[in-house]
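# Survey of secondary and tertiary structure
If you want the building blocks of each chain, they are given just below.
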Amino acid sequence: MLSSLSHIRIAGLALSTGSVTRDFIADGLALGLERAQLERISQTIGMKERRVAAAGITALDLCEDAARRLLDEMGIDASAIDAVIFVTQTPDHSQPNNSSLLHGRLGLSKSTAAFDLAMGCSGWVYGLHQAALLCAHGGAARVLLCAGDTLSRLTNPLDRAADPLFGDAGSATLIEKTGHAPAIHFSLEADGSGAKSICVPAGGARLPASLSTKQELKDADGNTHHAENLQMNGSEVFNFTLREVPGSVGSVLKMAGWTPMQADALILHQANRFMVSTIGKKCGFAPEKTPMDSVETFGNQSSASIPCTLIHAFGGPLQEKTLKIVACGYGVGLSWGSVALELGPIVIAPLQSFPKL
Amino acid sequence: MSKSETELWSALQADVDGLMGPGITLETRLETLPQWDSLAILLVITHFEQAHGLVLSGKQIRACKTGRDLLQFIPR
């Protein structure tokens with residue numbers, strides 16, 4: 001689906017990461033893996049460190065911290081928010097949803113709408129589209145989009161294909177209606193036939209959690225996991241991104257009337273450095289326009305990775321000037337979404353951990 | 001002019017560290033190589049996409065027994 005929406009702007013961004021730093025090689029050595037093999041993976045894929053949530057901290061806590069800091073930085077009262085959208089696949093409860101819990105924690109008005117989007121790595125782009133729709137056609141003046149996950153809790157430490165990848169984070173993005181802003185262009189797509197490529201099989205209504213869903217099994221690659229763990233077919237996911245992301249990015253570039261040379265940056269979901277580098281090249285963007293450092297510091301942060309990379313790589317310039325940004329999120333669903341927008345100057349709350357160290 | 005099998009194999013080895021090493025030939029059984037793992041398969045996918053414009057699935061690559069089987073995907 002292609003969509004262009006006018007008279008909307010992103011006004012501010014904030015991100016809170018988990019407070020515990022995990023080192024890829026040290027973790028692998030602790031599990032008895034060989035240093036040479038760990039270094040080979042670290043150098044090829046680009047895995048160094050990641051930040052995970054401390055015990056008891058959830059995506060709701062991380063997003064609340066980001067939202068509070070953003071609203072404080074912008075000097076906006078919570079009563080001025082017309083809707084809150086929470087993008088997560090790791091909610092506090094199956095009921096009520098995270099957006100309602102955040103609504104209560106922030107003391108939002110009863111006239112403020114609140115709903116969740118159960119999406120992963122493409123979720124920030126999908127959420128931004130929903131927020132932009134509410135501002136363009138839904139009567140909202142300001143929408144708070146929170147996107148975050150604690151995927152590190154879902155992986156099995158003995159699954160070396162998935163466990164070392166994920167960091168935990170929560171983001172807050174404030175979208176507002178404005179009289180004069182260039183259109184924002186979206187491409188949103190999905191392929192449910194690949195749904196099992198990234199999957200947590202148990203814990204939902206189809207297969208409730210039980211003693212049997214905690215039984216660990218070793219797969220063909222020697223990775224161990226059980227049915228309540230996040231399981232990922234890495235080669236199929238990589239294949240799908242190679243196949244779909246360039247076309248999606250090309251669509252929004254065409255809608256915006258830009259070439260890769262004219263755009264200032266391509267912000268790809270930070271799955272890992274290798275994927276970002278390979279896909280960026282295939283999309284026709286120079287490596288210096290495709291930031292890929294944040295994943296080596298913070299890990300794959302699911303729906304929070306695009307806002308994290310915007311802040312990490314362009315936080316300074318975005319507070320002072322306008323940049324032509326193309327962003328693409330891709331992952332669980334399978335689903336993927338791209339956006340092309342002129343971004344900045346915007347308010348950015350400093351990137352920090354929660355609890356603050 | 002199309003590349004020879006040796007040239008195609010050398011190019012693949014240069015991109016996939018798991019296929020490099022003394023005594024590794026087109027006939028070597030891939031399953032016997034210690035570094036023929038999920039990372040090597042990722043690198044093979046990338047090589048075929050970048051060098052030949054082919055997007056192969058992990059399943060297609062895992063079904064290959066030798067290096068020669070891998071090269072069969074290249075139209076010649």
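Now for a quick tour of the structure. Counting restarts for each chain, with residues numbered from 1 along the sequence as it is written. Written order determines the labels here, with chains lettered from A and ligands numbered from 1. Residue-level local features of this predicted model are given only where pLDDT is at least 70; pairs of side-chain atoms are given and counted only at 80 or more, and the full residue set underlies all totals for whole chains, interfaces and linings.

### A word on the overall build of chain B
- Note on conventions: DSSP H or I runs of at least 4 residues are helices, E runs of at least 2 residues are strands, and numbering of each starts at the N terminus. Within chain B, the regular secondary structure consists of four helices and zero strands.
- Reading chain B from its N terminus to its C terminus gives the helix and strand order α-α-α-α.
- Radius of gyration: over C-alpha atoms. The globule rule applied is 2.2 Å multiplied by the number of residues raised to the 0.38 power. Taking 11 Å as the expected radius of gyration for a compact globule of 76 residues, we find that chain B reaches 11 Å, a close match to that expectation.
- Each principal axis of the C-alpha distribution contributes one length, and for chain B these read about 35 × 25 × 20 Å.
- Each residue is represented by a C-beta atom placed from its backbone, and any two residues with such atoms within 7 Å are regarded as in contact. Of all intrachain contacts in chain B linking residues separated by at least 6 positions in sequence, the fraction that spans at least 24 positions is 55%.

### Here's the deal with the nonpolar core
- Core analysis: the largest hydrophobic core is formed by 122 residues, its most contacted members being A:C63, A:V84, A:V143, A:C146 and A:I175.
- For A:V84, the residues in contact, after removing those within four places along its chain, are A:S99, A:L102, A:H103, A:L108, A:T112, A:A114, A:L144 and A:C146. The term nonpolar core refers to a group of buried residues, namely Ala, Val, Leu, Ile, Met, Phe, Trp, Tyr and Cys, whose C-beta atoms join them within 7 Å. Residue burial is a threshold on neighbouring C-beta atoms within 10 Å of the residue's own C-beta, all placed from the backbone, with 20 or more meaning buried, 12 or fewer meaning exposed, and counts in between meaning partly exposed.

### Here we look at the sheet that holds strand 1 (residues 2–5) of chain A
Residues and elements named next belong to chain A.
- Pairing between strands is defined by DSSP: at least two bridges between the two strands are required. If you trace the five strands from one edge of the open sheet to the other, you get 1-9-16-15-14, paired in mixed fashion. With partners counted over all chains shown, the strands left at the sheet margins are strand 1 and strand 14 (265–268), one partner each. In this sheet, neighbouring strand axes are inclined to one another by 15 degrees on average, regardless of whether the strands run parallel or antiparallel.
- Bridging between strand 15 (residues 323–331) and strand 16 (residues 335–343) involves nine bridges; their strand directions are antiparallel. Its bridge partner being in strand 16, Y330 is matched across the sheet by W336.
- What counts as an axis is a line fitted to C-alpha atoms, over the stretch in contact for a helix, and the angles between N-to-C directions run from 0 to 180 degrees. Each of strand 1, strand 9 (184–190), strand 15 and strand 16 touches helix 5 (residues 123–137); the most contacted strand, strand 16, lies at about 55 degrees to it.
- Along the sheet, helix 9 (residues 305–318) contacts strand 14, strand 15 and strand 16; its crossing angle with strand 15, the most-contacted strand, is approximately 165 degrees.

### Overview of the interface of chain A and chain B
- At the interface, 15 residues of chain A touch 12 residues of chain B.
- For the side of chain A that touches chain B, the secondary structure elements donating two or more residues are helix 2 (35–46) and helix 6 (234–256) of chain A.
- In terms of residues, the side of chain A that touches chain B owes the most to one element, helix 6 of chain A, which gives seven residues.
- For this classification, the nonpolar set comprises Ala, Val, Leu, Ile, Met, Phe, Trp, Tyr, Cys and Pro, the charged set comprises Asp, Glu, Lys and Arg, and every other residue, Gly included, is treated as polar. Looking at the side of chain A that touches chain B, its residues break down into five nonpolar, six polar and four charged.

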